[in-house]
There are 2 protein chains.
Amino acid sequence: MSELRRDPIIGRWVIIAARRAERPVAVADREMEEDIDTKVCPFCPGNEHTTPPEVFAIRPSGGKQNSSGWLVRVVPNKYPALTIEGELNRQGLGMFDYMNGVGAHEVIIETPEHKAHLAGMPVSQIKLILLTYRERIVDLRGDKRFLYTLIFRNYKATAGATLPHPHSQLIAIAITPEIVKRELEAARRHFMEKQRCLFCDLLNQELKLGDRVVLETKHFVVLAPFAARFPYELHIYPKEHCHDFVLMNEEQFEDFAVTLKTILGCIRDVLCDPPYNYVLHTSPNPVPRPRRPEYWQTLEYDYHWHFEFIPRLTKVAGFEWGTGFYINPVPPELAANVLRQALSSRDTS
Amino acid sequence: MSELRRDPIIGRWVIIAARRAERPVAVADREMEEDIDTKVCPFCPGNEHTTPPEVFAIRPSGGKQNSSGWLVRVVPNKYPALTIEGELNRQGLGMFDYMNGVGAHEVIIETPEHKAHLAGMPVSQIKLILLTYRERIVDLRGDKRFLYTLIFRNYKATAGATLPHPHSQLIAIAITPEIVKRELEAARRHFMEKQRCLFCDLLNQELKLGDRVVLETKHFVVLAPFAARFPYELHIYPKEHCHDFVLMNEEQFEDFAVTLKTILGCIRDVLCDPPYNYVLHTSPNPVPRPRRPEYWQTLEYDYHWHFEFIPRLTKVAGFEWGTGFYINPVPPELAANVLRQALSSRDTS
């Protein structure tokens, strides 16, 4: 059973997932799975029996669970960092806070096609993937043990993927991730002070200045953030204030799928298909809590959902881990300019 | 000229170091230097002219600056993330805070021997390296533009090193690194509330529980921290309360050198000489500031210096970057136990 632990000094939570590596030697084992496409891929149609039973799938022509014929399929992670069964058990021991590792850890298999590239998929397929994200978030919010549902994608081994078949992952958990929490706190402070959304203010200024704007669509802005930690780090924000990803309408989902395809395709072309990670930052699960102060009861202005994209171009030089302090060799204005030019030459070609 | 920028949402500072990569293609260039030992190593004796002029060196038998005959040598980084010249210029633009990238970025060449391993060096040499850290921190504190001096070491290319010759690095800068700042704030809060050091309380509890203690010497404790983010992450704390690394006495420096050698040797043997990073966490520069509240004027109980060691055994799976939330497959109790056993079998062999 894994365990969630809180750092007694700075309060950061960590999953200690012992089951993923019973012995020290197992640390390196995960890399072995990369040569999987020469063997049998558990995410390919026909091999559904090799994964844990599916929790969701899109099968337009019907068909049985755990059979082929799906367009998107969601299964529990075979090597979960968390366990779905059991009551949440929060404990303390002196200065230490911990709880048992209850949570969901799922894999969203994005396509039946083993060799597909997310940027190369039709918009309709990308939209299905995004709708699957929504579906799983909404479903898992029904489970009151979890405070947050985290959607992320690791692309290529360098970025942490162990299988090449296109997939995203999901973790539903009893804490709110550190950075999201700090964003929430900052946004709440800003709203309490100014009765405005912090992120809306930021977008306003960025759209006015323009030099970090990579792309603007009807509903979205793609920014190279002002204090980007990594070269070509990009954030996608809905232009209209919205705290929660799942509240998007059909048109917005469509537009987001197009935006994502455009950006991922541009990054693939300009930076030679680099490894990357993306993470969805949306509001925590709206759990009513009796002891929350009044203003906590609505989350509406506490947050502005967005999407963070980090290509893995540079080696992280290590002291970043120890200090939380980053050196980025590519100014975001330069990154935005390069990508804007690439996008405009695409349009005209 | 590089620039320091503050994230307008969560307040994290980043160095945007444009000079390190004028063009996007340069991002990958840094990796090329790894085959340096087949060419001419700028850190080797005889090649002193290929580095910027030294700022410090230990030459027991005397000798001219920038000539050979040194045991430890400190030079400015040839590709600095910061520039040493110029006044600090703090600016704002709407929601954005930034300043010019004034700071020191130095390389501490730890030995004349190209192929030496830090764990294999004599204790006397490791002590010289540590005394050089102290020397540079004390010297740079004379420069009132800087708030913090950060010492770190990247070992092997995976951990961000670009040259194999043993070296550490130093950055002196006008901000306090994020994680150190959060530690300081937590320690200050704890002291204000309990009139005790937060870290001393933690050490007390850890020594009592014992299961995360890897090694205890006369003056130091090596811990696998309770909420370790990475497999075999280790922290070294002085047992007696002390906020500042430079305040150690000779005996403590000696003991720290022995402790460091022991731990690095044990890690090398048990984990097959993995890449790693270490970072020194010491108190910020004691700059008197007129508008600080009374209790800020002494930093003495605000902090407890320590040393953080992170081997790079697993690929960081990416969503860590986007969320600040980590999965560690090796429980720190297991890591501590493995290392304790390895240390005791060393003692008896």
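Comments concerning the overall build of chain A
1) Next: Helix and strand counts for chain A come out as six helices and 15 strands.
2) Next: Of all 349 residues assigned to chain A, the portion counted as buried reaches 47%.
3) Next: Partitioning the contacts of chain A with sequence separation of at least 6, the portion at a separation of at least 24 is 69%.

As for the sheet that holds strand β5 (residues 90-93) of chain A
What links the strands of a sheet is backbone hydrogen bonding, and the strands pair in either a parallel or an antiparallel sense.
1) Next: One open sheet accounts for five strands, arranged β5(A)-β6(A)-β1(A)-β2(A)-β15(B); its pairing is mixed. The open sheet has two edge strands, β5 of chain A together with β15 (326-328) of chain B, and neither has a second partner. Ignoring strand direction, the axes of neighbouring strands in this sheet form an average angle of 30°.
2) Next: In this structure, strand β2 (residues 13-16) of chain A lies alongside β15 of chain B, joined through three bridges in parallel fashion.

What to know about the relation of the copies chain B and chain A
1) Next: Here chain B sits on chain A after a turn of 180° about the axis and a move of 0.0 Å along it, with an RMSD of 0.0 Å. One copy is carried onto the other by what is essentially a two-fold rotation axis.
2) Next: A shared binding surface is used by both copies, with 100% of the interface residues of chain B retained as interface residues in chain A.

Focus: the nonpolar core
1) Next: In this structure, Ile15 and Leu234 of chain A together with Ile15 and Leu234 of chain B are the most contacted members of the largest nonpolar core, which totals 187 residues.
2) Next: If we ignore the near neighbours within four places in the chain, the residues touching Ile15 of chain A are Ser2, Leu4, Ala81, Leu82 and Gly101 of chain A together with Tyr326, Ile327 and Asn328 of chain B.

Regarding the interface of chain B and chain A
1) Next: Taken together, the contact between chain B and chain A spans 66 residues of the former and 66 residues of the latter.
2) Next: The greatest single-element share of the side of chain B that touches chain A, amounting to six residues, is contributed by helix α2 (residues 178-194) of chain B.
3) Next: Along the lines of polarity and charge, the residues of the side of chain B that touches chain A split into 42 nonpolar, twelve polar and twelve charged.

Comments concerning the confidence of the model for chain A
When pLDDT is low, close inspection of the predicted coordinates is not appropriate.
1) Next: In this model, chain A carries a mean pLDDT of 88, and residues with pLDDT of at least 70 account for 89%.
2) Next: For the stretch residues 291-297 of chain A, pLDDT sits under 50, and the model shows two contacts to residues farther than four places along the chain or on other chains.

Structural notes on the domain arrangement of chain A
Residue and element names in this part refer to chain A.
1) Next: Per the domain assignment, the segments making up chain A are domain 1 (3-173) and domain 2 (178-348).
2) Next: Across the boundary between the two partners, domain 1 contributes 27 residues, which contact 23 residues of domain 2.
3) Next: Listed by contribution, the elements that provide at least two residues to the side of domain 1 that touches domain 2 are α1 (123-141) and β8 (148-155).
4) Next: Broken down by element, the side of domain 1 that touches domain 2 gets its largest block of residues, ten residues, from α1.

Concerning the sheet that holds strand β13 (residues 276-281) of chain B
All names here are of chain B.
1) Next: Overall, antiparallel pairing links the ten strands, which are arranged β3-β4-β7-β9-β8-β13-β14-β12-β11-β10 in an open sheet. The open sheet has two edge strands with one neighbour each: β3 (56-58) and β10 (213-216). Along the sheet, successive strands turn relative to each other by an average axial angle of 20°, direction set aside.
2) Next: Sheet analysis places β13 next to strand β14 (residues 306-311), joined by six bridges and oriented antiparallel. In the strand pairing of β14, Asn277 is matched with Ile310.
3) Next: Against the sheet, helix α4 (residues 250-270) engages β10, β11 (220-223), β12 (234-238) and β14, with an angle of about 25° to β11.

Conventions adopted
Residues numbered from 1 in each chain as written. Chains lettered and ligands numbered in written order. Predicted model: local features only at pLDDT ≥ 70, side-chain atom pairs only at ≥ 80, totals over all residues. Helix = DSSP H or I, 4+ residues; strand = E, 2+ residues; numbered from the N terminus. Buried ≥ 20, exposed ≤ 12 C-beta atoms within 10 Å, placed from the backbone. Contact = placed C-beta atoms within 7 Å. Pairing = 2+ DSSP bridges. Axes fitted to C-alpha atoms, helices over the stretch in contact; angles between N-to-C directions. Least-squares fit on C-alpha atoms with pLDDT ≥ 70 in both. Core = buried A, V, L, I, M, F, W, Y, C linked by C-beta atoms within 7 Å. Nonpolar A, V, L, I, M, F, W, Y, C, P; charged D, E, K, R; others polar. pLDDT = per-residue confidence, 0-100. Domains from an automatic or database assignment.

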